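# Architecture at a glance
Spelled out, the chains give:
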Amino acid sequence: MSSSDIFIGETIGTAVLILLGGGVCAAVTLKRSKAQNAGWLAITFGWGFAVLTGAYLAGGVSGAHLNPAVTIGLAIEGGTKWSDVPLYLGSQLLGAMIGAVLVWLTYYGQFRAHLTDPEIPGAQSGEEGMVDKATAPKAGPVLGIFSTGPEIRHAVQNLVTEIIATVVLVLAILTQGLNNEGNGLGTLGALVTALVVVGIGLSLGGPTGYAINPVRDLGPRIVHALLPLPNKGGSDWGYAWIPVVGPLVGGAIAGGLYNVAFA
């Protein structure tokens, strides 16, 4: 596939992934949203459908990696050229940022209502705006719509959780090639991957919110830092390296495991 195919497919696919995934987080979180307090099941299935839609849109154009961890895993496995990796990663980050901006535009009124409501913790306290100072330092009251954060802040555990969850995701993607005489599952693979993401969210998402995708966390976190949201609080940059490094390590491990156990 050409460089333009990779750029267009990964940018659009990742933007749709973040629009729908961040959108369900906004729907569940924000005041004056019809889905407010819908809960964890809504979030996990919302992200699964987000993956399904983004992967289906981009699959025939760029291969629908939509995730640097997947790109790294495929490069180690041999299915993606290393020379294409920077273009994949840059396109994915751009798409993630575009998707986060679209979430903000979609829920613009709800963001303002939420962040100016004195009943919302931290909503009118600027840099003091924190959900829980004991467990989420420097995390603003709507940061969870844009990026992930741990329930218990322990760097090693949080990193290991992200690594384990990403190994499951990437290994599940790589092993699809073992079906149908090595030709993969085609568009059905997008559905399988989406269900895997739902399963990871339900089973492994509790500790950290299962980023399992560096740009899914980093791109929207950058947008959160830049957007003119009133009283938005901090972007928790002290934690931001974990949902980037953890999935990248997990993707690399999954690629190596595939070569050892399945190739």
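Data block above holds the structure.
Residues numbered from 1 in each chain as written. Predicted model: local features only at pLDDT ≥ 70, side-chain atom pairs only at ≥ 80, totals over all residues. Heavy atoms only, no water.

## Remarks on the overall build of the protein
- Each helix and strand counted, the protein has 10 helices and zero strands in total.
- Counting from the amino terminus, the protein carries its helices and strands in the arrangement α-α-α-α-α-α-α-α-α-α.
- Buried positions account for 50% of the 263 residues belonging to the protein.
- Partitioning the intrachain contacts of the protein with sequence separation of at least 6 by distance along the chain shows that 75% fall at a separation of at least 24.
- Here the protein has roughly 11,400 Å² of accessible surface; of this, 66% comes from carbon and sulfur atoms. (Helix = DSSP H or I, 4+ residues; strand = E, 2+ residues; numbered from the N terminus. Buried < 20%, exposed > 50% of the residue type's maximum accessible area, 1.4 Å probe, protein only. Contact = heavy atoms within 4.5 Å. Areas by Shrake-Rupley, 256 points an atom, 1.4 Å probe, with all protein chains shown as cover.)

## Quick word on the packing of aromatic side chains
- In the structure shown here, the tally under the stated rule is five aromatic pairs.
- With 5.9 Å between their ring centres and 25 degrees between their planes, Tyr258 and Phe262 make a pair best called stacked.
- Here Tyr258 falls in the buried class, since its relative accessible area comes to 9%. (Phe/Tyr/Trp six-rings, centres within 6.5 Å; stacked < 30°, edge-to-face > 60°.)

## Observations regarding the pattern of salt bridges
- For the structure shown, the criterion picks out three salt bridges.
- One salt bridge connects Asp117 with Lys31, and the closest N-O pair in it is separated by 3.1 Å. Of the two residues, Asp117 sits in the loop between α5 (108-115) and α6 (143-146) while Lys31 sits in the loop between α1 (3-29) and α2 (40-62), which places them 86 residues apart along the sequence.
- Its relative accessible area of 10% is what places Asp117 among the buried residues. (Salt bridge = Lys/Arg side-chain N within 4 Å of Asp/Glu carboxyl O.)

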